[in-house]
Amino acid sequence: MKTKQLCILALFSAIALSIWAAEGLIPPIVPLPGIRLGLANIVLLLTLYLYGRRETGLVLAVRLVLGAALAGTLMSFLYSLSGALLAFLVMCLLKPRVRATRVWTLSAYAAVAHNLGQLLTARFVLGTPGIWWYLPALLLSGILTGLFTGFCARFALPLLRRILGGSRP
Amino acid sequence: MAKEVFPLSGKPEFSLRLLLGGILLLAAVSVLLLLYSGGGAGTAEVYRDGELVQRIDLRNVTASYTLEIGEGNVLEVERGRVRMLRADCPDQICVHESWSSSAGKPIVCLPNRVTVILSGGKAGPDGVLG
């Protein structure tokens, strides 16, 4: 890994962590557990399309571990871990099939996967099947928030490509 | 490879968007159905760590009262509805969920692993939940 790339990935991790922490301060718009805008995901999408899967995994890992260490509890780490891993898996699967200009499609799928992962974890942690009631709401919010973050990434990508032009691997 | 995974049409991106639209539509319809078809609640079941701690018959409640669940949560019970009055977690999502009165709609406190599930009036507690 070149020094410049290392610097930029570190910068991206820091940005993702700050966005994630700042978002946690905003009171929830919809009072249902698990519904979140997921703005930090914009950084992951950018990393995925600017660099690749391995680099995205690194940024995600740094964000998860530092996020849990700074602001989380063991429970919240468990939820964010399961959601993030499933979303990352979906991102890696769909990346070769989705062009950069359609990144919002991928983002919506990743957000849905994230919410599904969290709901699955919640199902086993809480031990009550009744929480499947939240599934449609989580699917809907996953698609809408995923589309939003996806559009943000889609418009930021060309700008970043221009700025970081020389650093592509 | 791509076509085998998403066989809806020749172009994988198009199929992906089609599938996404389908999920969106399905989810939106389900949300509306869940919100407007629940019916009134008859019983409330309080679970902690997956174990049933209390079953409340909401039709026989005459005056509202509060119920402590473990150390962290306080539930307020009224005739036909419940809400989480207090929780000691930082996110307060279960408190913001406010009153729940329709069958099926749970109140969940993720940090304290507490669930309150409402079920229908006539059927037994197993009648509503799948």
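Residues numbered from 1 in each chain as written. Chains lettered and ligands numbered in written order. Predicted model: local features only at pLDDT ≥ 70, side-chain atom pairs only at ≥ 80, totals over all residues. Heavy atoms only, no water.

Novice: I tried to follow the pattern of salt bridges on my own but got confused; where do I start?
Specialist: Within the structure shown, the criterion is met by eleven salt bridges over all chains. Residues Glu13(B) and Arg99(A) are paired through a salt bridge, measuring 3.3 Å at the closest nitrogen-oxygen approach. With Glu13(B) in helix α2 (residues 12-37) and Arg99(A) in the loop between α4 (74-94) and α5 (103-126), this residue pair bridges two chains. Notably, a salt bridge pairs Glu97(B) with Lys105(B), separated by 2.7 Å at the nearest N-O pair. Per residue, the accessibility class of Glu97(B) equals that of Lys105(B), and both read buried. Among the charged side chains, a network of salt bridges with common partners joins Arg99(A), Arg102(A), Glu13(B) and Arg17(B). (Salt bridge = Lys/Arg side-chain N within 4 Å of Asp/Glu carboxyl O. Helix = DSSP H or I, 4+ residues; strand = E, 2+ residues; numbered from the N terminus. Buried < 20%, exposed > 50% of the residue type's maximum accessible area, 1.4 Å probe, protein only.)

Novice: Help me understand the domain arrangement of chain B, please; the structure alone is not making it clear to me.
Specialist: A common way to express how large an interface is: the accessible area buried when the components associate. Assigned domains of chain B: these are domain 1 (2-37) and domain 2 (41-120). Inter-centroid distance (C-alpha atoms) of domain 1 of chain B to domain 2 of chain B is 34 Å. (Domains from an automatic or database assignment.)

Novice: I'm lost on the sheet that holds strand β5 (residues 81-87) of chain B in this one. Help?
Specialist: In a beta sheet, neighbouring strands are held together by backbone hydrogen bonds and run either parallel or antiparallel to one another. Residues and elements named next belong to chain B. With antiparallel pairing, the three strands of this open sheet are ordered in space as β3-β4-β5. Each edge of the sheet is formed by a strand with only one pairing partner; in this case those strands are β3 (65-69) and β5. With strand direction ignored, the average angle separating the axes of adjacent strands in the sheet is 30 degrees. Note that strand β4 (residues 73-78) and β5 share six bridges and pair antiparallel. Of the residues in β5, the one forming a bridge with Asn73 is Ala87. (Pairing = 2+ DSSP bridges. Axes fitted to C-alpha atoms, helices over the stretch in contact; angles between N-to-C directions.)

Novice: Is there a simple way to think about the interface of chain A and chain B in this case?
Specialist: Contact residues are listed per partner, giving 32 residues for chain A and 38 residues for chain B. Interface area, chain A with chain B, both sides summed: about 3,100 Å², of which 76% is carbon and sulfur. Inspection of the region where chain A meets chain B yields two salt bridges. For Glu13(B), the salt bridge goes to Arg102(A), with nearest N and O atoms at 3.8 Å. Our count for the chain A to chain B interface comes out at seven residue pairs in polar contact (both at pLDDT 80 or more). Across the side of chain A that touches chain B, the residue classes break down as 25 nonpolar, four polar and three charged. (Contact = heavy atoms within 4.5 Å. Buried area = accessible area lost by both parts, 1.4 Å probe. Polar contact = N/O pair within 3.5 Å; in protein donor to acceptor, adjacent residues only side chain to side chain. Nonpolar A, V, L, I, M, F, W, Y, C, P; charged D, E, K, R; others polar.)

Novice: Sorry if this is basic, but what is going on with the nonpolar core here?
Specialist: A general feature of soluble globular proteins is that nonpolar side chains tend to end up buried together. If you look at the biggest cluster of nonpolar residues, it comprises 42 residues, and the most contacted ones within it are Phe12(A), Leu46(A), Leu50(A) and Leu106(A). Excluding residues within four positions of it along the chain, Leu46(A) makes contact with Phe12(A), Tyr51(A), Ala153(A), Ala156(A), Leu157(A) and Leu160(A). (Core = buried A, V, L, I, M, F, W, Y, C linked by side-chain atoms within 4.5 Å.)

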